[in-house]
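Spelled out, the chains give:
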Amino acid sequence: MTLVLSDGTQFKGKSFGYEQNVAGEVVFNTAMMGYPESLTDPSYAGQIMVLTFPLVGNYGVPPFTFGGKKAEVSGIGTVLPDFMESDRIYATALIVSDYSEQYSHWNAVESLGDWLKREQVPGVTGIDTRQLTKVLREHGVMMGRLVFEEKVIATESQQTLEEDYGAINWVERVSCKDVIRYNEGAGKKVVLVDCGVKANIIRCLVQRDVEVIRVPWNYDYTGMAFDGLFLANGPGDPDKCVDAVEILKKQMSMSRKPICGICMGNQLLAKAGGATIYKLKYGHRSHNQPVREVGTNRCYVTSQNHGYAVDAATLGKDWRELFVNMNDGSNEGIRHQTNPWFSSQFHPEACSGPVDTEFMFDRFIEAL
């Protein structure tokens with residue numbers, strides 16, 4: 001099979017997953033582990049994931065259990081998955097350098113290849129992922145196709161694929177459709193705006209003994225009774241989430257209730273605060289992004305997965321940067337000067353990756 005990038009570059013590889021032609025934005029992740037969590041992260045919807053670490057699959061795949069029980073039907077319920085970040089694989093396809101057919105791990109129940117086939121997601125091995133990453137770093141992330149029939153390469157319209165991807169509101173596709181409650185009857189009530197939330201964000205909140213009320217991305221929660229608002233991560237362009245930003249602005253004009261955002265949540269909060277968003281050349285997708293807390297010498301190693309960033313220079317006068325990326329100087333979080341509203345571009349819940357910044361949840365709970 002062949003990976004064809006939008007600039008015409010081609011890479012030949014061998015299939016180890018489901019065989020079907022797919023298109024998506026080709027992005028690279030430099031993490032050394034965590035493929036079960038990454039594949040089930042809704043933020044990867046519409047993207048072909050390239051893993052730069054060469055050996056992938058050697059520890060297999062954990063069971064899809066919910067509260068210790070095997071899920072009879074795939075779907076979103078009130079019980080969170082034990083080892084995954086959502087109810088299914090969201091990445092369009094997976095590309096690795098060297099797929100390990102043999103796996104060994106105490107918690108593994110199947111191979112990575114079998115899982116991909118079961119969920120009908122293409123997997124490709126034998127591609128020089130270091131070279132592919134160099135191309136993406138030089139050019140920036142771009143659209144690509146996985147083609148299993150040679151003749152299709154010449155006949156399919158790449159332009160159509162690019163237009164289709166850019167026109168999609170990915171948040172709308174991955175967000176829940178109904179209100180879901182977790183830890184019902186616990187202490188404080190937190191409304192969580194689901195833009196494509198990872199399960200571990202909900203776990204981190206539930207572990208801190210709050211009731212989580214998960215609502216769709218465009219749900220008007222301003223009339224609900226709650227103590228704090230949490231803005232979750234999600235895929236795609238935040239500029240497509242006009243409804244979410246307008247509802248957030250309405251909430252901020254009505255109340256000083258605490259607000260915390262993660263990843264896409266940082267961008268939505270910034271947009272509500274007057275800032276603009278821009279697309280990064282190749283994004284941050286790794287476990288080792290260094291960020292500094294502004295006004296201090298504290299630097300944290302963080303897990304990240306985003307392709308867009310906040311232009312901090314466009315923030316309103318009442319807002320300040322909270323964290324800055326030490327590699328490229330891009331924004332990694334914002335805070336309001338007087339109200340308890342703050343956010344991070346990185347993932348304090350990790351899963352996978354370092355948990356050095358899980359204190360962000362504690363700060364939010366203290367603000368409640």
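This text goes with the structure placed above it.
These remarks concern the structure in this document. None of these values were measured; they are calculated from a predicted model.

### Comments concerning the sheet that holds strand β12 (residues 142–147)
No. 1: If you walk across this open sheet you meet the eight strands as β2-β1-β12-β4-β5-β9-β11-β3, and the pairing is mixed. Two strands lie at the open edges of the sheet, namely β2 (10–12) and β3 (14–15), each paired on one side alone.
No. 2: Here strand β9 (residues 93–95) pairs with strand β11 (residues 123–125) via two bridges, running parallel. If you follow Ile95 over to β11, its bridge partner there is Val124.
No. 3: On top of the sheet, helix α3 (residues 129–139) reaches β1 (2–5), β2, β4 (22–29), β5 (47–51), β9 and β12; it is set at about 95 degrees to β4, its chief contact.

### Section: the side chain of Asn169
No. 1: You can see Asn169 is positioned in the loop between α5 (158–167) and α6 (170–174).
No. 2: Overall, Asn169 belongs to the buried group, its relative accessible area being 13%.
No. 3: A distance of 3.2 Å separates a polar side-chain atom of Asn169 from the backbone nitrogen of Glu172.
No. 4: Residues within four places of Asn169 in sequence aside, it is in contact with Trp217, Lys240 and Cys241.

### Thoughts on the pairing of strand β20 (residues 319–325)
Side-chain positions along a regular strand alternate between the two faces of the sheet.
No. 1: Buried residues dominate β20, accounting for five of its seven residues.
No. 2: Pairing between strand β18 (residues 276–293) and β20: three bridges, direction antiparallel. If you follow Val291 over to β20, its bridge partner there is Asn325.
No. 3: Pairing analysis gives five bridges linking β20 to strand β21 (residues 331–336), with the strands arranged antiparallel. Counted as the bridge partner of Val324 is Asn331 from β21.
No. 4: Hairpin connection of β20 to β21: five residues between the antiparallel strands, including Gly329 at a positive phi of 75 degrees.

### Observations concerning the state of the cysteines
No. 1: The full count for this structure, using the stated rule, is zero disulfides.
No. 2: In this structure Cys241 is not part of a disulfide, and its nearest cysteine sulfur, from Cys195, lies 5.5 Å away.
No. 3: The exposure class of Cys241 is buried, given its relative accessible area of 0%.
No. 4: A disulfide-free cysteine, Cys351 has its sulfur positioned 7.7 Å from the sulfur of Cys204, the nearest such atom.

### Considering the sheet that holds strand β15 (residues 211–216)
No. 1: As summarised here, the arrangement of the ten strands in space is β13-β15-β14-β16-β17-β22-β21-β20-β18-β19, forming an open sheet in which the pairing is mixed. Looking at strand neighbours, the two that pair on one side only are β13 (180–182) and β19 (299–311), the edges of this open sheet. Neighbouring strand axes in the sheet, compared pairwise and without regard to direction, differ in orientation by 20 degrees on average.

### Quick notes on α3
No. 1: Along α3, the positions that sit buried rather than exposed are Thr129, Leu132, Thr133, Val135 and Leu136. Down the axis, α3 shows its buried residues gathered within 155 degrees of arc, on one side only. In this structure, α3 carries Arg130, Lys134 and Glu138 as exposed residues pointing more than 90 degrees from its buried face.
No. 2: You can read the cap of α3 off the contacts: a side-chain oxygen lies 3.2 Å from the backbone nitrogen of Arg130, and it is on Asp128.
No. 3: One or two positions beyond α3, positive phi appears at Gly140, with a value near 100 degrees.

What counts as what
Residues numbered from 1 in each chain as written. Predicted model: local features only at pLDDT ≥ 70, side-chain atom pairs only at ≥ 80, totals over all residues. Heavy atoms only, no water. Pairing = 2+ DSSP bridges. Helix = DSSP H or I, 4+ residues; strand = E, 2+ residues; numbered from the N terminus. Contact = heavy atoms within 4.5 Å. Axes fitted to C-alpha atoms, helices over the stretch in contact; angles between N-to-C directions. Buried < 20%, exposed > 50% of the residue type's maximum accessible area, 1.4 Å probe, protein only. Polar contact = N/O pair within 3.5 Å; in protein donor to acceptor, adjacent residues only side chain to side chain. Disulfide = S-S within 2.5 Å. Arc of directions from axis to C-beta.

Everything listed here is a matter of geometry and, on its own, says nothing about what the molecule does.
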